[in-house]
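# Structural features, examined
As a plain string of letters, each chain reads:
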Amino acid sequence: MLILRLAIRYVFSPNADSFSSRASWLAILGFSIGITALLLTASVIKGFESTIANKLSIYDGTCRVQHILNKPIHRNNSIADTIFNNLDFVPTLKPYIRGLSMIRFKKSADGVLIDGLEDLPDLINLKWFDDSRKKNKLNKGEIILGKQLVDDFQIKPGETVFLQELGLRGNLIIKPFKYVGLFHSGLSEYDKTLAYIQIKDAETIFSYDNEYITGWIIYSDLNLVDNFPNLPYPFVLDTWKERHKVLFDWIKLQRWPAIITFGLIAIIGIFNILTSLAMIIFEKKSQIGILISQGLDKKGVQKIFILQGGLIGLLGCCIGGLISGAIILIQSKFQFFDLEEEIYFMDHIPIQFDMNIFIIILGFSFFLSMIASIWPTKKIFSLKLSKSLKYE
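Treat the numbers as computed from the prediction; the structure is a model and nothing was measured.

With that settled, the discussion passes to the overall build of the protein. Helix and strand counts for the protein come out as 14 helices and 12 strands. In the protein, buried positions account for 46% of the 392 residues. Residue pairs in contact within the protein that sit at least 24 positions apart in sequence constitute 78% of those at least 6 positions apart. For the protein, the exposed surface amounts to about 20900 Å²; the carbon and sulfur share of it is 60%.

As structure tokens, this is what we get:
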């Protein structure tokens, strides 16, 4: 108990102008800055990955079931039962028809990917021009377009666009659609090239027989994607991870260099603790001599300064954690820091609080601060009592 009281006294010295007090607080400040930088970096990377994954899963689904040769599948095919029977949870399955089409508006034309659905995804960022209608219900003859495509074509609400298949079926049907809603994903790949129509309209445009579809879109928790069973030939389960593997490999590749770079700041903070303790021990030589002369052995004195280093590390971790948590909360709520959406797939810096990340970083940093405190305290064993007390 005495050892802990002395360690606390050396950190919170009554003499605010003493070197030991200033050195301790400078070490705490440097360590907390490093911890803050490291926690924010890890939280931004986690937020970026989660935001991208959530957006992709909204517009692509957790996974899609389709024929390996992209042939139409009958709605009553037993493959859907195979999926349900092999899962411990109940996912949402939505039949869809997908195809490539030419969209025309006045003198403008471009290729778009059409998803024909019975109802739209639940979490889609959708703006209806008629506020009285149901959110996810799409009627025949209506089309939902992405923001970037609408901006490029200068389409106004209620105007008519025309679709024609661009696939191998040679369908010459040109069908008009009323522009009734706008979605905005923040992903230019989707906002410019994806459109939604009613599944019956998709049957007509892509010449599907009645009751035939491209497959099913499955919506479930992203963390459960690995629980889906392997499907028998000729069906294939295309997950969001597999579809965007290159993107997420790139995110993982960028993760460690960023964490290592900002982790170096925290390591510098640990070196500050180390040098501060060495200087404090040099300053407190006479007091160390008094403690030894009063019966406290050198190992006990060493424990005092190891605990002091631990207290500095603990305070640095707490302050860094609180600052990081406050910044995460403010950015999540008010989104002060913006990004160029066309480049980064989102209009603000995403940041996500993850308890596991905080526990690992804070726990490991505190452990390193304790370990680093051992080396400078070895100097205590080489101190000679007579010299320490010479001028006392």
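Turning to the packing of aromatic side chains, a few remarks are in order. Under the criterion given, the structure shown has 6 aromatic pairs. When the ring of Tyr 59 is compared with that of Tyr 190, the centres are 6.0 Å apart and the planes differ by 40°; the resulting orientation is tilted. Residue Tyr 59 is located in helix H2 (residues 19–60), and its partner Tyr 190 is located in helix H5 (residues 188–191); the two are separated by 131 residues in the primary sequence. Like Tyr 59, the residue Tyr 190 is buried in the burial classification.

To continue, consider the confidence of the model for the protein. In the predicted model, the protein carries a mean pLDDT of 82, and the fraction of residues at 70 or more is 87%. Across the protein, the element-wise mean pLDDT spans from 53 in helix H14 (residues 385–388) up to 95 in strand S9 (residues 194–198).

Residue position: Thr 214 is located in the loop between strand S10 (212–213) and strand S11 (215–219). Judged by relative accessible area, Thr 214 falls into the buried class, the value being 2%. Among residues more than four places away in sequence, those in contact with Thr 214 are Val 65, Gln 66, His 67, Asn 70, Lys 71, Ile 73, Tyr 96, Ile 97, Arg 98 and Tyr 208.

Let's shift gears to the nonpolar core. Membership of the largest hydrophobic core comes to 39 residues, with the highest contact counts inside it found for Ile 143, Leu 145 and Leu 163. Broken down by element, the residue count for this core peaks at 4 residues, all from strand S3 (residues 92–105). With sequence-adjacent residues up to four places away left out, Leu 163 is seen in contact with Ser 101, Met 102, Ile 103, Val 112, Ile 114, Ile 143, Ile 173, Ile 174, Lys 175, Phe 177, Ile 197 and Ile 205. In this structure, Ile 58, Ile 144, Phe 248 and Ile 251 belong to the second largest nonpolar core, which totals 28 residues.

Right, let's talk about the pattern of salt bridges for a bit. In the structure shown here, the tally under the stated rule is 15 salt bridges. Ionic pairing is found between Arg 64 and Asp 60, a salt bridge with its closest N-O pair at 3.9 Å. On the basis of relative accessibility, which here comes to 2%, the residue Arg 64 falls in the buried class. We note a salt bridge from Lys 200 to Glu 203, for which the minimum N-O separation is 3.6 Å. Taken together, the residues Lys 200 and Glu 203, both in helix H6 (residues 199–205) and 3 residues apart, mark about one turn of the helix.

Mapped onto the secondary structure, Phe 177 falls in strand S8 (residues 174–183). In this structure the C-alpha to C-alpha distance between Phe 177 and Thr 160, which are 17 residues apart in sequence, comes to 5.5 Å. When sequence neighbours within four positions are dropped, the list of residues in contact with Phe 177 reads Gly 141, Glu 142, Ile 143, Glu 159, Thr 160, Val 161, Leu 163, Ile 197, Asp 201 and Ile 205.

Attention now goes to the environment of Gly 146. Among the secondary structure elements, Gly 146 is positioned in strand S6 (residues 142–146). Using a relative accessible area of 0% as the deciding quantity, one classes Gly 146 as buried. Separated by 50 residues in the primary sequence, Gly 146 and Tyr 196 place their C-alpha atoms 9.1 Å from one another. Aside from chain neighbours lying at most four places away, what touches Gly 146 is Leu 182, Phe 183, Asp 191 and Leu 194.

On to the pairing of S6, then. In terms of residue burial, S6 counts as a mostly covered element, since 5 of its 5 residues are buried. Residues Glu 142, Ile 144 and Gly 146 point to one face of S6 and Ile 143 and Leu 145 to the other, with burial holding for every one of them. Sheet topology note: the S6/S8 ladder contains 5 bridges and is parallel. Considered in S8, the bridge of Ile 144 is made with Gly 181. Inspection of the sheet shows S6 paired to S9 by 3 bridges, in the antiparallel sense. Bridging from a neighbouring strand, Ile 143 pairs with Ile 197 of S9.

All right, on to the environment of Ile 349 then. In this structure, Ile 349 sits in the loop between helix H11 (341–344) and helix H12 (355–372). The sequence separation of Ile 349 and Gly 47 amounts to 302 residues, and the corresponding C-alpha distance is 8.3 Å. In contact with Ile 349, not counting residues within four places along its chain, are Val 44, Gln 331, Phe 337 and Leu 339.

Once that is clear, we can look at the pairing of strand S1 (residues 63–67). Side chains on a regular strand alternate between the two faces of the sheet. For S1, the buried fraction is high: 4 of the 5 residues fall into the buried class. Bridge count for S1 against S11 is 4 bridges, and the pairing is antiparallel. If you follow Gln 66 over to S11, its bridge partner there is Gly 215. Bridge analysis of S1 against strand S12 (residues 235–239) gives 5 bridges, and the strand direction is antiparallel. Bridged to His 67 within S12 is Phe 235.

Thresholds applied
- Residues numbered from 1 in each chain as written.
- Predicted model: local features only at pLDDT ≥ 70, side-chain atom pairs only at ≥ 80, totals over all residues.
- Heavy atoms only, no water.
- Helix = DSSP H or I, 4+ residues; strand = E, 2+ residues; numbered from the N terminus.
- Buried < 20%, exposed > 50% of the residue type's maximum accessible area, 1.4 Å probe, protein only.
- Contact = heavy atoms within 4.5 Å.
- Areas by Shrake-Rupley, 256 points an atom, 1.4 Å probe, with all protein chains shown as cover.
- Phe/Tyr/Trp six-rings, centres within 6.5 Å; stacked < 30°, edge-to-face > 60°.
- pLDDT = per-residue confidence, 0-100.
- Core = buried A, V, L, I, M, F, W, Y, C linked by side-chain atoms within 4.5 Å.
- Salt bridge = Lys/Arg side-chain N within 4 Å of Asp/Glu carboxyl O.
- Pairing = 2+ DSSP bridges.

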